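Fold and geometry: a report
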Amino acid sequence: MSLIIQNSKMEVNGRDDLKAPLLQPPDGVAIAVPREKDHRGEKVKTIKFKIGNIKCSSCATSIESVLGELNGVEKTTVSPLDGHTAISYIPGLVTAQKIKETIEDAGFPVDDFPEQEISVCRLRIKGMACTSCSESVERALLMAKGVKKAVVGLALEEAKVHFDSNLTDTDHIIEAVEDAGFGAELVSSGNDLNKVHLKIEEINSIEDATNVQTFLESSRGVNHVEMDLAKHTLTVSYDPDLTGPRSLIQCIEEASPGPGIYHASLYVPPRRREAERLQEIRTYRNQFFMSCLFSVPVFLFSMVLPMLHPYGNWLEYRIQNMLSIGMFLRWILCTPVQFMVGRRFYVGSYHALRRKSANMDVLVALGTNAAYFYSVYIVIKAMTSKKFEGQDFFETSAMLISFILLGKYLEVLAKGKTSDALAKLTELSPDTAYLLTRDSNGNVVSEMEIVTELIQRNDIIKIVPGAKVPVDGIVIDGQSHVNESMITGEARPIAKRPGDKVIGGTMNENGCLLVKATHVGSETALSQIVQLVEAAQLARAPVQKLADQISKFFVPTVVIAAFVTWLGWFIPGEAGLYPRHWIPKAMDGFELALQFGISVLVVACPCALGLATPTAVMVATGKGASQGVLIKGGDALEKAYKANSEHPIAKAVVEHAKRIRQKIGSSTEHVAEAKDFEVHTGAGVSGKVGEKMVLVGNKRLMQASNVTVGTEVENYISENERLARTCVLVSIDGKIAGAFAVTDPVKPEAERVISFLHSMGISAIMVTGDNWATAAAIAKEVGIKKVFAETDPMGKADRIKDLQGKGMTVAMVGDGINDSPALVAADVGMAIGAGTDVAIEAADIVLIKSNLEDVVTAIDLSRKTILRIRLNYVWALGYNILGMPIAAGILYPFTGIRLPPWLAGACMAASSISVVCSSLLLQSYKKPLHVTNS
């Protein structure tokens, strides 16, 4: 494995570029223009596309006439010259697809129809037991109309669905999941990012509700309002740049027909996920106790009391012919377990078989039904015969269901702990904060304690010593040290002064700070971390493909193996091919063969196999986030590449120039704007300032622009390059006008980190846009032996591809915009947390605290996780590989040892529990390298 360390200077996007869409449409392709405007309480969209076969203006008129009859179409404009069409419509009343179909029904083909806006929603999925269940849900979602992409996480019990909102909605998506036999609830949709829940008192009629809803919808910054009159609650989606929760509460109170009639307050919906997990635990616990209530007496009457003479003799008393009291009681007690407690297995089997798949429920249902109905046959035969003697298996059915429910109960208890690290992150934010109101002179007018969720952008928050920072912001007054270890993993408190950023959820230690809120709600770093970790936990790791492939044929193979086992014992037994004394006294050959077959069915459960990867990933991503290493999971998304003039060095030079001008007392404050500005990737920039052509960049830019670099400048460049400094040249109208040197200090931990990487068998390579002399000096200082210098952004990606072509696995560490192509090209992209947004977006792993030691942590944690996953597969497959032959009776002829079905069920439950507990051991992970900076 190779690791590429980037030593380039950072570049950051401007504010406008961050808001620009990453994927720009190609020229000549019609696109949907989401031009929204209020129209009678509804949102109106405009879609543009091209229609063919328009020969004259009458064709255009007929299309406009046909569409005008559609309910929801507000305005239609068709060009008779080229067929370009613009249609304004209300999405709630008509879809873009319906509009397209109407035009085609009128006899006009739609040539260029845009890909519709893709919405995203997350669903909580109930009833998944193993990998085949999650695959079934995924298939059902992908088959639903309008669904573009769906990912289902077994351990997280959630699905992330990308869909065309013009073709379907969340209700239809939930319906598709339910049709597949699983429960589904909406967790969030794409527009949930800025949403607040409010509770309103004194609203008692539809008129009051309509009045409040209309007033809110007309308010500035409000996107959507949902009212629940029964619960006196409403949900508001809003633009945080324009409004916030406190403003919305004020709007509601202003909507009162009289003073103080409506009272609104923040409403926090119950945490569904935690409540559902507790409910699931209670359900399995209650079902297990219910099963034990009947199963324990069955076990006593079958296995214990008959061996305790004379206390068990009464069980042999005949009721009718050969039907004994013991057999009758076992039948009566087993029946509720089989059909009431075990109903879940019948339901699960029905839905699995209906979708032409098989899961754990099918195996359990087959095994318990075989035991139960054969026992019923024995009961009927004993009741009707005076000489028949047979052995029932009611204890097998009852005990099997009990052990499986116990295993599931212990499994859900353990699974709840796999996301403990993530849960701790979500609880870091404080419940309340102190809001300050200041006058125009900056004096504090009032101070009040408010709920954290009510904080709005640009609020001034007072943070006293010992209090947590409620939201992300910038310090405007005061000095202190803030402990950021809970977010970044950095053990030492960080000094904070005016102008410094603070992160929500961190602890203020020894001074009072006034902080201006810049990011609130779902925009805070803490919320972003939680969202990214949840997405990583939902994403399916490549190693999961092994379990997915095995699960496709696992259950059918087990069923065939069980049937072959039964035949393998029954036929030789009937043919007398093995000694009669092998058959227990209370059984015949058929019953012995049946027990072996049932044991094979239930011992080979696919549950553990499906849990092997996702549980380990859940623990590892949560643990990594708590230690400052944010593992996104999945493949890096393609990102658009942009360069920009907002280079930090450029900004520093401009600030320095301003200070010099102030010192010399320059009266000219106006700075001429650069025109014809151009970025020369990997070389510099150029532009016209007034009437002069100015170039700022390296020697390559000057040479490419035919600017002569004199001996004096060459000497200056050489001298600084030997000192590991980068020289920047400035030319005006084709002549060198000046030069200056900049340096990017090497991180103090870099040398030790490189040395540690070498000890791990990882070679480090430096790729930089700097000149060879500077790059070589820095590489020598930190211990890197191989260097690629004077490399442009695409060249960095090419270098990575060259290494990959040699069979190497490449990790790329970078921080600038110019690193994003290389971060995407690498097998693993690691972005420094203090780098640019584009670099962070392009990376697979973000090193939140910008410390190079976390490169080691990320690699080591990944290795430990993969090893844990492989160990989980050993646990999961080991039970099956060892358990199935024993269950099939391979040891019985030699040792007399056989695995009763109820004991096979206990082994099956143990396999799932062992896998989850194995994953939980990752919570004890500790960093392999700790660097103390002086």
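Not measured: the values here are computed from a predicted model. (Residues numbered from 1 in each chain as written. Predicted model: local features only at pLDDT ≥ 70, side-chain atom pairs only at ≥ 80, totals over all residues. Heavy atoms only, no water.)

**Observations regarding the overall build of the protein**
A count of helical and extended segments in the protein gives 29 helices and 36 strands. Taking all 934 residues of the protein together, the buried fraction comes to 48%. In the protein, the proportion of contacts linking residues at least 24 apart, taken out of those at least 6 apart, comes to 68%. Counting only carbon and sulfur atoms, one obtains 56% of the accessible surface of the protein, whose full area is about 45,000 Å². (Helix = DSSP H or I, 4+ residues; strand = E, 2+ residues; numbered from the N terminus. Buried < 20%, exposed > 50% of the residue type's maximum accessible area, 1.4 Å probe, protein only. Contact = heavy atoms within 4.5 Å. Areas by Shrake-Rupley, 256 points an atom, 1.4 Å probe, with all protein chains shown as cover.)

**Side note on the nonpolar core**
One broad rule of soluble globular proteins: the nonpolar side chains tend to lie buried together. In this structure, I125, L141 and V161 are the most contacted members of the largest nonpolar core, which totals 81 residues. Ranked by residue count, the leading element in this core is helix α11 (residues 360-384), at eleven residues. With residues up to four places along the chain from it excluded, the contact list for I125 reads V137, E157, E158, A159, V177, F182, G183 and A184. Judged by nonpolar contacts, the second largest core, of 34 residues, contains V196, I200, V222 and L454. (Core = buried A, V, L, I, M, F, W, Y, C linked by side-chain atoms within 4.5 Å.)

**A short note on the sheet that holds strand β23 (residues 501-502)**
Reading across the sheet, the six strands line up as β18-β17-β19-β25-β20-β23 and stay open at both edges, with antiparallel pairing between neighbours. Lying at the two open borders of the sheet, with one neighbouring strand each, are β18 (444-451) and β23. Across three bridges, strand β17 (residues 432-438) lies against strand β19 (residues 460-463) in antiparallel orientation. Its bridge partner lying in β19, L435 is registered against I461. (Pairing = 2+ DSSP bridges.)

**Section: a negative patch on the surface**
A cluster of like negative charges, contributed by D169, D171, E175, E178 and D179, occupies part of the molecular surface. Following the sequence through the fold, D179 ends up in helix α5 (residues 170-179). (Patch = residues over 30% accessible without salt bridge, like charges linked within 9 Å, V, L, I, M, F, W, Y side chains within 5 Å. Salt bridge = Lys/Arg side-chain N within 4 Å of Asp/Glu carboxyl O. Lys, Arg positive; Asp, Glu negative; His and termini not counted. Charge placed at Lys NZ, Arg CZ, Asp CG, Glu CD.)

**Considerations on unusual backbone geometry**
Even without being glycine, N321 reaches a positive phi, approximately 50°. Examined against the element boundaries, N321 turns out to sit in the loop between β15 (318-320) and β16 (323-324). Residue classification places N321 among the partly exposed residues on the basis of a relative accessible area of 25%. Although it is not a glycine, N458 adopts a positive phi angle of roughly 75°. Following the sequence through the fold, N458 ends up in the loop between β18 and β19. In this structure N458 comes out as partly exposed when scored by relative accessible area, which is 49%.

**Some points on the sheet that holds strand β11 (residues 195-201)**
Across a sheet, paired strands are connected by hydrogen bonds in the backbone, their directions being either parallel or antiparallel. Across the sheet, four strands lie side by side as β12-β13-β11-β14; this open sheet has antiparallel pairing. Taken across any chain shown, the strands that pair with only one partner, and hence form the sheet edges, are β12 (222-228) and β14 (263-266). Averaged over neighbouring strand pairs, the angle between their axes works out to 30° when direction is ignored. One ladder, built from six bridges, connects β12 with strand β13 (residues 233-238); its direction is antiparallel. Across the sheet, the residue bridging to M227 is L234, located in β13. Contacts between helix α6 (residues 206-217) and the sheet are confined to β11, β12 and β13, with β12 contributing the most and set at about 165° to the helix. (Axes fitted to C-alpha atoms, helices over the stretch in contact; angles between N-to-C directions.)

**Considerations on the packing of aromatic side chains**
Across all of its chains, the model carries 20 aromatic pairs by this definition. An aromatic cluster of at least three residues, connected via ring pairs, comprises Y374, Y377, F563, W566, F570 and F590. Geometry around F345 places R344 over its ring, the cationic atom sitting 5.9 Å from the centre. (Phe/Tyr/Trp six-rings, centres within 6.5 Å; stacked < 30°, edge-to-face > 60°. Lys NZ or Arg CZ within 6 Å of the ring centre and 35° of its normal.)

**What to know about helix α27 (residues 853-887)**
With 35 residues, α27 extends 50 Å between its outermost C-alpha atoms, agreeing within 8% with the 51 Å of an ideal straight helix rising 1.5 Å per residue. Of all the bends in α27, the largest measures some 30° and sits at L877. (Expected span 1.5 Å × (residues − 1). Bend = angle between axes of the 7 residues up to and from the residue.)

**Details of the pairing of strand β35 (residues 828-832)**
Regular strands show a simple pattern: their side chains alternate between the two faces of the sheet. With four of five residues buried, β35 is to be regarded as a mostly interior element. Two strands pair when backbone bridges link them, and strand β34 (residues 810-814) and β35 are joined in this way by four bridges, in the parallel orientation. Within β35, the position partnered with V813 by the bridge is M830. Note: β35 against strand β36 (residues 845-847), three bridges, orientation parallel. Opposite I832, over in β36, you have L847 as the bridge partner.

**Considerations on a nonpolar patch on the surface**
Residues M307, L308 and Y311 make up a contiguous nonpolar surface patch of about 390 Å² in total accessible area. Within the element layout of this structure, M307 appears in the loop between α8 (272-304) and β15.

**Description of the confidence of the model for the protein**
On average, residues of the protein score 75 in pLDDT, and 78% of them are at 70 or above. Helix α1 (residues 15-19) is the least confidently modelled element of the protein, averaging 35 in pLDDT, while helix α9 (residues 325-341) averages 92, the highest of any element. Below pLDDT 50 for its whole length, residues 5-41 participates in 93 contacts with residues either more than four positions away or in separate chains. Contacts of residues 634-642 to residues separated by more than four positions or lying in other chains number 22 contacts, the stretch itself having pLDDT below 50. (pLDDT = per-residue confidence, 0-100.)

**Considerations on the side chain of S291**
The residue S291 is located in helix α8 in this model. According to the relative accessible area criterion, S291 is buried, its value standing at 0%. There is a polar contact of 2.5 Å between the side chain of S291 and the side chain of S402. (Polar contact = N/O pair within 3.5 Å; in protein donor to acceptor, adjacent residues only side chain to side chain.)

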